[in-house]
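# Structural characterization, general
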Amino acid sequence: MKTSPILLKDGYKVGHKFQYPEGTTLVYSNLTPRKSRNDDIHDVVFFGLQYFIKEYLIRQFDECFFQRPKAEVLKEYARRMDFYLGKDSITYQHIADLHDLGYLPLEIKALPEGTLVPPRVPLFTIRNTKPEFFWLTNMLETLLSAVLWKPSTSATTAFQYLRTFTKYARETVGDDLSFVPWQGHDFSFRGMSGIEDAIMSGAGHLLSFTGTDTIPAIDFLEQYYNADCEQELIGGSVPATEHSVMCMGTQDNEIGTFERLITVVYPAGIVSIVSDTWDFWQVVTGFLPQLKDRILARNGKVVIRPDSGDPVKIIVGDPAAPAGSPEYKGAIECLWETFGGTITPRGYKLLDAHVGLIYGDSITLERQHAILEGLQQKGFASYNVVLGIGSYTYEYVTRDTFGFAMKATYGEVNGEGRAIFKDPKTDDGTKKSARGLLQVTRNPASGVLELKNDCTWEEEGQGELKTVFRDGKLLVERSLAEIRERLKTYLS
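What you are looking at is a predicted structure, and each value in this text was computed from that prediction instead of being measured.

### Regarding the overall build of the protein
- What the protein contains, in helices and strands, is 20 helices and 19 strands.
- Structurally, the protein occupies a C-alpha span of about 85 × 50 × 45 Å along its principal axes.
- Here the protein, with 492 residues, has 53% of them falling under the buried criterion.
- The long-range fraction of contacts in the protein, counting pairs at least 24 apart against all pairs at least 6 apart in sequence, stands at 76%.

### What about the UniProt feature "domain: Nicotinamide phosphoribosyltransferase N-terminal" (unreviewed entry) in the protein?
- According to UniProt, the feature "domain: Nicotinamide phosphoribosyltransferase N-terminal" (unreviewed entry) maps to residues 7-108 in the numbering used here.
- End-to-end, the C-alpha atoms of residues 7-108 are 21 Å apart, and along that stretch the chain is 43% helix and 15% strand.

### Structural notes on unusual backbone geometry
- Even without being a glycine, D88 presents a positive backbone phi close to 55°.
- As for its placement among the helices and strands, D88 is situated in the loop between helix 3 (70-82) and helix 4 (93-101).
- Within the chain, T250 stands out as a residue other than glycine whose phi angle is a positive 75°.
- In this structure, T250 sits in the loop between helix 10 (243-248) and helix 11 (254-265).

### A few points about the pattern of salt bridges
- Tallied over the entire structure, the rule returns 26 salt bridges.
- A salt bridge links K452 to E459, with the nearest nitrogen and oxygen atoms 2.6 Å apart.
- Members of the salt-bridge network, linked through shared partners, are E107, R127, R470 and D471.

### Some words on the UniProt feature "domain: Nicotinate/nicotinamide phosphoribosyltransferase" (unreviewed entry) in the protein
- The sites that carry the UniProt feature "domain: Nicotinate/nicotinamide phosphoribosyltransferase" (unreviewed entry) are, in the present numbering, residues 184-472.
- Along residues 184-472 the backbone is 34% helical and 21% strand, and the end-to-end C-alpha distance reaches 38 Å.

### A few points about the packing of helix 6 (residues 141-172) against helix 17 (residues 365-377)
- Relative orientation of the contacting elements helix 6 and helix 17 amounts to 5°, with a least axis distance of 10 Å. As the angle between them shows, helix 6 and helix 17 are arranged roughly parallel. Residue-level inspection shows T157, Q160, Y161, T164, F165, Y168, E171 and T172 of helix 6 in contact with helix 17, the latter providing L365, Q368, H369, L372, E373 and Q376.
- Looking at the contact of helix 6 with helix 17, its residues break down into 5 nonpolar, 7 polar and 2 charged.

### With respect to the sheet that holds strand 7 (residues 211-212)
- Pairing is parallel in the open sheet, where 6 strands are placed in the order 7-6-13-12-9-8. Where the open sheet ends on each side, the last strands, each with one partner, are strand 7 and strand 8 (271-274).
- The pairing of strand 6 (residues 184-186) with strand 7 spans 2 bridges and is parallel. In the strand pairing of strand 7, D186 is matched with T212.
- Packing of helix 8 (residues 195-205) onto the sheet brings it into contact with strand 6, strand 7 and strand 13 (385-389), and relative to strand 6 it is tilted by some 165°.

### Some remarks on the side chain of D186
- Considering the arrangement of structural elements, one finds D186 in strand 6.
- Non-local contacts of D186, meaning those with residues more than four positions away in its chain, are made with G202, H205, G211, T212, D213, T214, I389 and Y394.

### Topic: the environment of K9
- As for its position among the elements, K9 is in the segment before helix 1 (16-19).
- According to the relative accessible area criterion, K9 is buried, its value standing at 14%.
- Between the alpha carbons of K9 and Q183 there is a distance of 39 Å; along the sequence they are 174 residues apart.
- Leave out the neighbours within four places in its chain, and K9 touches V14, Y77, M139 and T142.
- Within the structure, the side chain of K9 is placed 3.2 Å from the backbone oxygen of I6, a separation counted as a polar contact.

### What about the pairing of strand 1 (residues 24-33)?
- Burial analysis of strand 1 places 9 of its 10 residues in the buried class, the great majority of the element.
- Looking at chain direction, strand 1 and strand 14 (residues 404-413) are connected through 9 bridges and run antiparallel. Bridge pairing in strand 14 links T32 to A405.
- Sheet topology note: the strand 1/strand 5 (residues 124-128) ladder contains 4 bridges and is antiparallel. Pairing of N30 across the sheet is with T125, part of strand 5.

### Quick notes on the sheet that holds strand 18 (residues 466-470)
- One open sheet holds the 7 strands; their spatial order is 15-14-1-5-3-18-19, and the pairing between them is antiparallel. Pairing within the sheet leaves two strands with one partner each, and these edge strands are strand 15 (416-419) and strand 19 (473-474).
- Both strand 18 and strand 19 contribute to a ladder of 2 bridges, which runs antiparallel. Note on strand 19: the bridge partner recorded for F469 is L474.
- On top of the sheet, helix 2 (residues 49-66) reaches strand 3 (106-110), strand 5, strand 18 and strand 19; it is set at about 20° to strand 18, its chief contact.

How each quantity is defined
- Residues numbered from 1 in each chain as written.
- Predicted model: local features only at pLDDT ≥ 70, side-chain atom pairs only at ≥ 80, totals over all residues.
- Heavy atoms only, no water.
- Helix = DSSP H or I, 4+ residues; strand = E, 2+ residues; numbered from the N terminus.
- Buried < 20%, exposed > 50% of the residue type's maximum accessible area, 1.4 Å probe, protein only.
- Contact = heavy atoms within 4.5 Å.
- UniProt positions renumbered as here; feature names shortened; annotations may be inferred.
- Salt bridge = Lys/Arg side-chain N within 4 Å of Asp/Glu carboxyl O.
- Axes fitted to C-alpha atoms, helices over the stretch in contact; angles between N-to-C directions.
- Parallel < 35°, antiparallel > 145°, perpendicular 65-115°, else oblique.
- Nonpolar A, V, L, I, M, F, W, Y, C, P; charged D, E, K, R; others polar.
- Pairing = 2+ DSSP bridges.
- Polar contact = N/O pair within 3.5 Å; in protein donor to acceptor, adjacent residues only side chain to side chain.

Okay, here's the thing in structure tokens:
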């Protein structure tokens, strides 16, 4: 669907140009995560602004607004407003003036993407650079908010998974963290709210991990974040089956399907086989022992994939099940009994390299922790499992998960600066905004980012917020490699 970017706004934004005080020449705003609704998450990963600038402020405004004939653009705008608000309800000269200018007269000053940002610290500020276009700053609020809250939210969620995987790897494996980027696999694509949502969220996942089934997230990072799959690992996966494949092989010959997959279709390399189409425990304790010699003789790994039930009980074991049963032991212990393995430098059991397990259904941060903690308590290393992260995790969120909001804090009217803010008495403090010109600094002792309100222009020009966009041009570009490296520094 193609829509002129000048129309990508809430309906009430249309009239705000005429509602500001006469003589208004500057509107200065910011986008800030105001509050975490998750008590265990105290910072937000900033991600997505470079995409927004390249895609919307540059490409879409150029192709769908500035490069189109002015008469055509104005006719389209007038038609929409006439049948939305009523004929001739507003004037359109400001739209014509913007078209004549030929670029967006805006300045955006931002933190580097991949930065961990505490609540109530702005990710970026935005203001108009020409006085007559003061109305443009907050006209973009709707578009900025709609596009940017999700990639930052998904990147934040992925980073929490990464932190937990890293913690348990250090405790149960040792200093080798090379497998951690593969332990979180993006399975969310089909459950997301549209293609752009899935791709942006999938790109946020790839800041922390390399495992993904969201192929276009790789294209996204190449197109907007200077990544190159020929020079670096952006994202990858392995051959894997689905239930239709297993069903087509018939229940009576399920073991034959397994054998064909690991000896004929994929005689070498990694292959993931969904294993609960009928009886998961029969696969684990019946089929796999029969195929043990062939699995151990392969140059590669056979990964079994349970896909239903309680993932903690399936992987770690169910203490309520009959003692000694496969259900009681859990999948990892059963695999260890069949295939054995090695002991890590930290003293934990690690399955033979020819076999593994991935679970991708209903995994949450809480279940991730329960699985890894449960395995550790039983003496098993965290590297025995890969967990798929799906749309329940990446889609069961809203803009309010971290309270993202764009608010104006400063303006100028008839040459006079005005520090503005909101502080509703009926609110719990979440909606209380910053005020005036803003400066973000890093505390020299703690390294934590901090906000200073009511700054002078000189102070506003200093600090961590740097100009990345001005008057239609992107001035600073970040690469995927740079963002990943920055994010990695927070793991220590």
